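As a plain string of letters, each chain reads:
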Amino acid sequence: MDQAEKKMSPKQLFLFIIQAQIGVGVLSIPYDLSKTAKGGGGISVVIAGAITQIIILMMWTLLRKFPGMNLFQICIRLGGPVIGRLLIACYIGYFILLGSNVLLNAYMVLQRWILQSTPKWVVLLLFCIMTYYLAKEKLTVLARFYSLSSLLFIPLIIFVSYGLTQARIEYMLPLTEAGLINILKGTKDTTISMYGFEMFMIVFPFIDASDSKKLKMISLSNLFVTLFYTFVVCTCLMVFNQTQLAMIPEPVIYLVKSLNFYIIDRADILFLSIWSITLVCSIASYFYAAADGLAVLFSKKNHQMFDPFVSVAFFLIALLPTTPMAIDRINKVSEFAAYAFVAVIPFLMMLISLFVKKKAGGAV
Amino acid sequence: MTSSEQTIYPSLDGNISYIRDKLCHTDDLKVRHLTYRGQSSALIYLESTVDPTLIERNVIRPLRQGGDEDLSQLFLTLRLETEHKLDQGTQSLLSGNCLFFTKDDMKQFYVLTTPAKYERSITEPENEGIIRGAHNGFIEDLTVNLYQIRQQISSTDLKVHYHNIGSTAPRKVAVMYMNNLADPAVIKKVEGRLKGITIDSVISTGFIQEFMEDQPFSIFPQFLNTERPDHTGAYLLDGHVVIMLEGDPTALIVPVSFFCFYQTPDDYSNRWMIASFVRFIRLLSFITAFQLPAFYIAIVAFHSNILPIQLFFTVQGSLTRVPYPPLVEAMLLELIFELLREAGLRLPSRVGQTIGIVGGLVIGDAIVKAGFVSYTMIIVVALTAISSFLIPSNEMSSAIRILRFPLMICASIFGFIGIAFGLTILFIHLCKLESFGKPYLSPLAPLKIKGFKDAFLRFPIWTIRGRHGEKKHN
Amino acid sequence: MKRGRGALCCTMLGLSTALLTGCWDREYLKDLNLAYSVGFDLTKDHKIKETVELIIPPKTEQSATTNEIHSAVGLSTRGASNILRARVRGNMRVIKNSVQLIGRSLAEEGLKAPMDVNFRDPRNPSSDVRLVVTENDASEIIGMKKIGELQIGEFLTQKIRSLEKMSLFYPPETVNTVFRALTDPGQDFVLPYIGVQGSEIVAKGVALFHDQSFSGTLGKDQSIMLVLLKGKSGGNARFTKTVNLDTSKPIRGSISYNVGNKKRKHEFHVSVTRNGDVHVTLSLKLQAVIEEFTGPQLLDDKAVKRVNRELSSIMTQEAREVVRELQQANCDIFGVGRQLMAYHPKLWKRIDWNKEYRNVQFHTQVQVSIIDTGVIQ
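As the structure is a prediction and not an experimental result, all values here were calculated from the model. (Residues numbered from 1 in each chain as written. Chains lettered and ligands numbered in written order. Predicted model: local features only at pLDDT ≥ 70, side-chain atom pairs only at ≥ 80, totals over all residues. Heavy atoms only, no water.)

(A) Highlighting the nonpolar core. With 264 residues, the main nonpolar core has A:Phe16, A:Tyr91, A:Tyr94, A:Phe95, A:Phe271 and B:Phe258 as its most contacted residues. Ranked by the residues each element gives to this core, the list is headed by helix H14 (residues 267–297) of chain A, at 23 residues. Residue-level mapping places this core at the junction of two domains, with at least three residues from each of domain 2 (126–256) and domain 3 (268–454) of chain B. Ignoring any residue separated from it by four or fewer positions in sequence, one finds A:Tyr94 in contact with A:Tyr195, A:Glu198, A:Ala337, A:Ala338, A:Phe341 and A:Val342. Grouped together as the second largest cluster of nonpolar side chains are 70 residues, C:Val99, C:Ile255, C:Trp348 and C:Ile351 included. (Core = buried A, V, L, I, M, F, W, Y, C linked by side-chain atoms within 4.5 Å. Buried < 20%, exposed > 50% of the residue type's maximum accessible area, 1.4 Å probe, protein only. Helix = DSSP H or I, 4+ residues; strand = E, 2+ residues; numbered from the N terminus. Domains from an automatic or database assignment. Contact = heavy atoms within 4.5 Å.)

(B) Highlighting the interface of chain B and chain A. With 28 residues of chain B in contact, the opposing surface of chain A contributes 37 residues. Summed over both partners, the interface of chain B with chain A comes to about 2900 Å²; 72% of that surface belongs to carbon and sulfur atoms. Interface area lost by chain B to chain A is led by B:Phe414, B:Ile417 and B:Lys432, which between them contribute 21%. Linking chain B to chain A there are 3 salt bridges. B:Glu434 serves as the salt-bridge partner of A:Arg144, at 2.9 Å between the closest nitrogen and oxygen. The interface formed by chain B and chain A includes 5 residue pairs in polar contact (both at pLDDT 80 or more). For the side of chain B that touches chain A, the element with the most residues is helix H16 (residues 416–432) of chain B, which contributes 11 residues. Grouping the amino acids of the side of chain B that touches chain A by side-chain chemistry returns 19 nonpolar, 6 polar and 3 charged. (Buried area = accessible area lost by both parts, 1.4 Å probe. Salt bridge = Lys/Arg side-chain N within 4 Å of Asp/Glu carboxyl O. Polar contact = N/O pair within 3.5 Å; in protein donor to acceptor, adjacent residues only side chain to side chain. Nonpolar A, V, L, I, M, F, W, Y, C, P; charged D, E, K, R; others polar.)

(C) Summary view of the packing of helix H4 (residues 71–113) of chain A against helix H5 (residues 120–135) of chain A. Residue and element names in this part refer to chain A. Two elements in contact, H4 and H5, have axes separated by 10 Å at closest approach and are oriented at 125 degrees. Relative to H5, H4 is oriented oblique. For H4 against H5, the interelement crossing comes out right-handed. Two secondary-structure elements touch here, H4 through Leu103, Leu104, Tyr107 and Leu110 and H5 through Lys120, Val123, Leu124, Phe127 and Cys128. Looking at the contact of H4 with H5 residue by residue, the classes come out as 8 nonpolar, no polar and 1 charged. (Axes fitted to C-alpha atoms, helices over the stretch in contact; angles between N-to-C directions. Parallel < 35°, antiparallel > 145°, perpendicular 65-115°, else oblique. Left-handed = near helix turned anticlockwise from the far one by under 90°.)

(D) Geometry of the packing of H14(A) against H16(B). Between H14(A) and H16(B), whose axes approach to 9 Å, the crossing angle comes to 35 degrees. H16(B) is crossed by H14(A), and the crossing has right-handed handedness. Contacts from A:Ile269, A:Leu270, A:Leu272, A:Ser273, A:Ser276, A:Ile277 and A:Val280 in H14(A) reach B:Phe416, B:Ile417, B:Ala420 and B:Thr424 in H16(B).

(E) Region of interest: the domain arrangement of chain B. When cut into domains, chain B gives domain 1 (12–113), domain 2 (126–256) and domain 3 (268–454). Here domain 1 of chain B and domain 2 of chain B have C-alpha centroids that lie 34 Å from each other.

(F) View of the sheet that holds strand S3 (residues 80–83) of chain B. Residue and element names in this part refer to chain B. Here 5 strands make up an open sheet; going across it, the order is S1-S2-S4-S5-S3 and the pairing antiparallel. Across the chains shown, the open sheet's two edge strands, defined by having one partner strand only, are strand S1 (29–36) and S3. If you compare each strand with its neighbour and ignore which way they point, the axes differ by 25 degrees on average. As judged from the 4 bridges shared by S3 and strand S5 (residues 109–113), these two strands associate in the antiparallel manner. When the bridges of S5 are listed, glutamate 83 appears paired with phenylalanine 109. The sheet strands contacting helix H1 (residues 12–22) are S1, strand S2 (39–46) and strand S4 (97–102), and the helix crosses S2 at an angle near 10 degrees. The sheet strands contacting helix H4 (residues 86–94) are S1, S2, S3, S4 and S5, and the helix crosses S4 at an angle near 140 degrees. (Pairing = 2+ DSSP bridges.)

Below you can see the structure in the form of structure tokens.
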């Protein structure tokens, strides 16, 4: 490498986090939410966004204590070589699990809607090649591609907003039909769509901005994602009635399918093809995080040599579950893993860092 | 290379015979014995490389008339250098100089610059014609080319740096840049890579290009080449570095971004709205040029349900007699088109029209009648062909034409998802590409909205401030 | 070198996949035999009879397509399709059809079962497929094969679309909207209702549905009135009425007018009284353009005022009649139930809407004012 790893710009950080966060989940949150929160799904999403924001703040306080370090390096700093490495290994496992979970869900959606008879391994391979090709690069390339593919949100948003022509506000009312408790419970169902922002902990030191600017950008992207989800959820809630939502696991695609664009029929096929590109970004983030973790774990300078292993791991984990039950179990496991690795562990680390601050300060 | 150390012999004949030997007793080596200051001296030159009238008028006549004056007084207009290594002298004979040996000074000899100049006139390059603006173009002579650039940019900051590349037949390479505008890191890279070229001879600028590219395995050109001085000048003033080879009218421009290949000097002489529209059309052609056949294949083989119903029947009707799967059909026609294109390129222009007839009428019509391909496919391929020629840069146009084929294969395996796959890989690749450390896709990725003003569209010139934003810093 | 070999390997792999296996989801357009219009009927032994119109691509470029009619009986829609597939030539697909006919007998039985495959299979189209109820068997209509020069599917599509422009049926009821209404307890739907008269296919009005089954019909004028009452218009809504202009000299003149292409004022309001009675205010202000008037006098200001009054009362009567029939058929086309669910959820939970709908009190009022009399008065 004749060139030092350049840094991401704050704008790129904004798009990076958005891309990492918006994944396969958005296609089905209206469905997930309709089970618990009913018409108040939009409120659930907003609450989930607020909780995410709190976690972001917490991560930020942790990260800013260790300038120039990302999650993995902090793990080693706080936990020492043994516990730290163990923690990193856990995180790597978590990233691989989540990445392959997204991969698996992506496959499930595609299989249901377009590629009915294409074998699973082929679709997974396709995605693995794309993510591998992307994630083996340095972070700036990832950021460039992410910002480029952010342009794809424009047609996606247009497709979804076109659904508003069929919307009836009565379908969403009354907002609190399910009761406040259920709406709160609903926030739990959005977890799968919310995670992705923890990439922030990986890329934090590679951003060319002040700490407060970084926080501002990531909060903005969280705001964007929350608003986007709210928009999608509300649109779906207004277009479909509750009975329908309970039947349709991917209401967003169903919505696009039911639109009539005159130039082309069946916009859902186009929609999914575009969507699959933004999914690559989501998977690649986890891929990058896992590979980067491996590099830190084995004290290597760059992660290129670990990429094939991560790729194979993604492929295999996504290939294994075949029954809906098993897939559901993976979803559940990833959800709980997300709670642990996104909220609990960083929180503990933050607490520890508060205690050892003086000590660490002395050591440095 | 020890022989290059051979210094001058004490005797005139010794020198002459050495040079004769060195040049393998070639017949166009002329030796004229003259007298200078009363002593016999010799003027040696290669008949084929020098200008005879120049020698007659400026060398021989002064020698005859002027008699005994100092040589520097005699040859006022010719460049005169002294040299003592015979091999250097022999080398300079090849480039149109003549050597003058005098008896009284056997420690050195004189090299007189008397090259023959058979220059092409400065005409507009054929494949880069424009409607408005300067109609001159580079020629094979580096000095003339430099002159043209200097005329464009009369600035003291324009710096030219010569290199000699090639071990057996070295050729002069000029590196030009605006000292105050160009990024020093880029200059360093260019110079470093130029020095790193190890090759016995440079045949064309393509050699330099391949040696210096960041990613030689990429299908995309990472050098912009042009034969237009105004185009080159504009890039120089934008802080780019220009590389020119002696004997080649092509200027190589680095670093370039993808969008540079979609700009022409005409854009800046047109009114800005029109120019913006044209640029937009060109970028649209980027998409149609390589995606249209793939799109067609995907629709016909996978997603026929996205066609509106009337179109459905039309396309289906045209396909019924075609025995091949869409991929084969498309490949067939695309290859025929490439054949025709290549044939048209090689044929002299008078015969070239025949190609049009054969291609357009005979193949185009007959191939459908014969049932090999469908009419819709012909439309698709024709559109693709036209779009690919919309791209101003020939190299980019070829790159994009090639890209169709893998994308077609992807589309025929996975339909739209295959296209999405192909495009993703393509764009990841484009994101990875760097031209001398500058991102290839800028200002799109990394995203710089300000750069859009002169990349996708052409905003009024007064709004395009500075030099493409990202050039100076980072 | 190494990368070059890698690229080569990838290309070889790709090519071999392309040429050897790759045809998982491939479905060549030219091999498809499109079922352009489909009809479903209920047989006597409660099976589904599916009749399809297959479009056969033309043999040469310029000639037109031809069609074939086939039918089969099966346990379900897809079941019948599968039996049909064994019978027809080639690969019959229903990926694109523009009209699906449902025989009245099947409509009475309920739409959920026969339509299920339309909602479930992602390959089946849903955005632009019109559903139509036929007076007799759907197979009878599709069996006509050609109407004049047009093939039956094309004919039906064009007919339905032009009738939509005439506000006979509007907004278009497609598979999608029907899916939504079918699953919604607080909203019913109506479908175009067509029948055969001699050798012609005529629109009979609309078929009213309650929940999922056919429960009544409305005539043609009533259908237009229904569209207007919904606050919609397909572009034109024409009526021809006879008005009594002068009571002293009862010269009767007929008047044709269009209320569809001008701005309308539509008010729809659901209110609940304290004791739980549901009142619906349905008022409509129409602006009419006179297209034909055969009365003896000029339509001057005085006459116009009078005509306005007359027309308003006629239209109000008709509107009330429409509402009455809707209530009789238990067809909650206005979505009163949905309004209750959204704005009066407590009441909604308490009542049985299937019974209660008939007791809803509609306050219907239509006002017509002439704003244009053409180029003559």
